[in-house]
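Take a look at the letters that make up each chain.
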Amino acid sequence: MTVSKKTQNRLLDYYSNIHNRYDIVNRLFTFGRDIAWRADAAVACMEDDPEEVLDVCCGTGDLLIGASMRTKKQSNITGYDFSRAMLSLAKTKLGNRGLDRIRLVQGDAGEMPFSDCSFDCLTIGFGIRNLVFENPLAKKRLGEMCRVVRDGGKMVVLESGIPSSRIIKIFHALFLYLFLVPLGGIISGDWKAYAYLARSSSRFRTRSEIEKTLQEKGFAIVTVKEYFFGAVHLIVAIKKQQNSLVHKENYV
């Protein structure tokens, strides 16, 4: 089994084990602030009335719900995730709110079943880290996200990362390992899943590094916000016209 396959199977196991407690741990860990962060991401996505919206790594559907609440017209919204368990929970949450028209698709972010330039806006909330952290398929998955966004389209990235301040970076790491891991482990019963989340968050990229990655993929950064003392970032980027065509066969 390849390293990438092992990584994917490990993450699938983690999210299958914790999906029923994922939302409550998020609320407790962020003191409820993740709701406002996702709301900001939804506003950034929907402010231009996009016709086609894709939420990659949609998880339990919170960002999908936020986007649908802010649409000014009947936007076509699609949620995409590799975890069937997370999508099942998202389907229930959407159904309870009468949002059955939102499409949910299960699959690998490195091989999305969408045509080039299909979406006016792509959102990803706390998912890009899972796609690229210690993952040999990072370039392929980033490339896929760029491929499906149209010329002039928007990408909205909400992600945790390393704070720029050294002092805050230390407290951030302590908070992750001494609060998130025990909290998530006790509530969900899967300590390994939250140990991974703490490790990936504390060793992931800084905001400027995430911005640089998007720029290298042909996006122009237009808006940046920081939350939680710089441990969470909201980055809004526009796909440049001259980099509209990305070929799958060029991915490595």
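Every chain's residues receive numbers from 1 upward, in the order its sequence appears when written. It should be noted that, the model being predicted, local features are given only for residues of pLDDT at least 70 and side-chain atom pairs only at 80 or more, the latter also being counted only at that level, while totals for whole chains, interfaces and linings use all residues. As a rule here, side-chain values come from all non-hydrogen atoms in the structure, and water together with hydrogens is ignored.

1. A word on unusual backbone geometry
Here's step 1: The phi dihedral of Asp 49 is positive, around 55 degrees, even though this residue is not glycine.
Here's step 2: Segments assigned H or I by DSSP are reported as helices when at least four residues long, segments assigned E as strands when at least two residues long, and all are numbered from the N terminus. Turning to its location among the elements, Asp 49 is positioned in the loop between helix H3 (33–46) and strand S1 (52–56).
Here's step 3: Backbone geometry at Phe 229 places phi at a positive 60 degrees, although glycine is not the residue there.
Here's step 4: Looking at the secondary structure, you find Phe 229 in the loop between strand S6 (219–227) and strand S7 (232–239).
Here's step 5: The buried label applies to any residue whose accessible area, calculated with a 1.4 Å probe on protein chains only, is under 20% of its type's maximum; exposed applies above 50%, and partly exposed to all values in between. On the accessibility criterion, Phe 229 (68% relative accessible area) is exposed.

2. Some points on the pairing of S1
Here's step 1: Where burial is concerned, most of S1 is hidden: 4 out of the 5 residues are buried.
Here's step 2: Any two strands with at least two DSSP-identified bridges between them are counted as paired. Both S1 and strand S2 (residues 76–81) contribute to a ladder of 5 bridges, which runs parallel. Its bridge partner being in S2, Asp 55 is matched across the sheet by Gly 79.
Here's step 3: With helix H4 (residues 62–69) bridging S1 and the parallel S2, this β-α-β connection has right-handed handedness.
Here's step 4: Note: S1 against strand S4 (residues 119–125), 4 bridges, orientation parallel. When the bridges of S4 are listed, Asp 55 appears paired with Thr 123. The crossover handedness rule: strands pointing away from the viewer, path from first strand over the helix to second strand clockwise, crossover right-handed.

3. Re the sheet that holds S2
Here's step 1: Taking strand neighbours across the sheet as the criterion, the 7 strands line up as S3-S2-S1-S4-S5-S7-S6 in an open arrangement whose pairing is mixed. Looking at the sheet topology across the chains shown, the edges are occupied by strand S3 (103–106) and S6. On average, each strand axis in the sheet is tilted by 15 degrees relative to the strand beside it, whichever way the strands run.
Here's step 2: We call two residues contacting when some pair of their heavy atoms lies within 4.5 Å. Inter-axis angles, ranging from 0 to 180 degrees, are taken between N-to-C directions of lines fitted to C-alpha atoms, where helices are fitted over the stretch in contact. Packed onto the sheet, H4 meets S1, S2, S3 and S4 and runs at close to 175 degrees relative to S2.
Here's step 3: Where helix H10 (residues 207–216) meets the sheet, it contacts strand S5 (149–160), S6 and S7, and its direction lies at approximately 160 degrees from that of S6.

4. Focus on the pattern of salt bridges
Here's step 1: Each reported salt bridge corresponds to a side-chain nitrogen of Lys or Arg within 4 Å of a carboxyl oxygen of Asp or Glu. All chains considered together, the criterion is met by 16 salt bridges.
Here's step 2: The salt bridge partner of Glu 134 is Arg 199, with a shortest N-O separation of 2.9 Å. Residue Glu 134 is found in the loop between helix H6 (128–132) and helix H7 (138–148), and its partner Arg 199 is found in helix H9 (residues 191–202); the two are separated by 65 residues along the sequence.
Here's step 3: A cluster of three or more residues bridged by salt bridges with shared partners is formed by Asp 23, Arg 27, Asp 34, Arg 38, Asp 62 and Lys 93.

5. Things to note about a nonpolar patch on the surface
Here's step 1: On the surface, Ile 167, Ile 170, Phe 171, Leu 174, Tyr 177 and Leu 178 cluster together to form a nonpolar patch covering roughly 660 Å² of accessible area.
Here's step 2: Checked against the element boundaries, Leu 174 lands in helix H8 (residues 166–188).
Here's step 3: Overall, the relative accessible area of 43% leaves Leu 174 in the partly exposed class. A patch consists of residues exposed above 30% relative accessible area that lack any salt bridge, with like charges linked at up to 9 Å and nonpolar side chains (Val, Leu, Ile, Met, Phe, Trp, Tyr) linked at up to 5 Å. All accessibility values rest on the Shrake-Rupley procedure with a 1.4 Å probe; residue burial counts only the protein chains present in the view.

Don't take any of this as a statement about function, it's just geometry.
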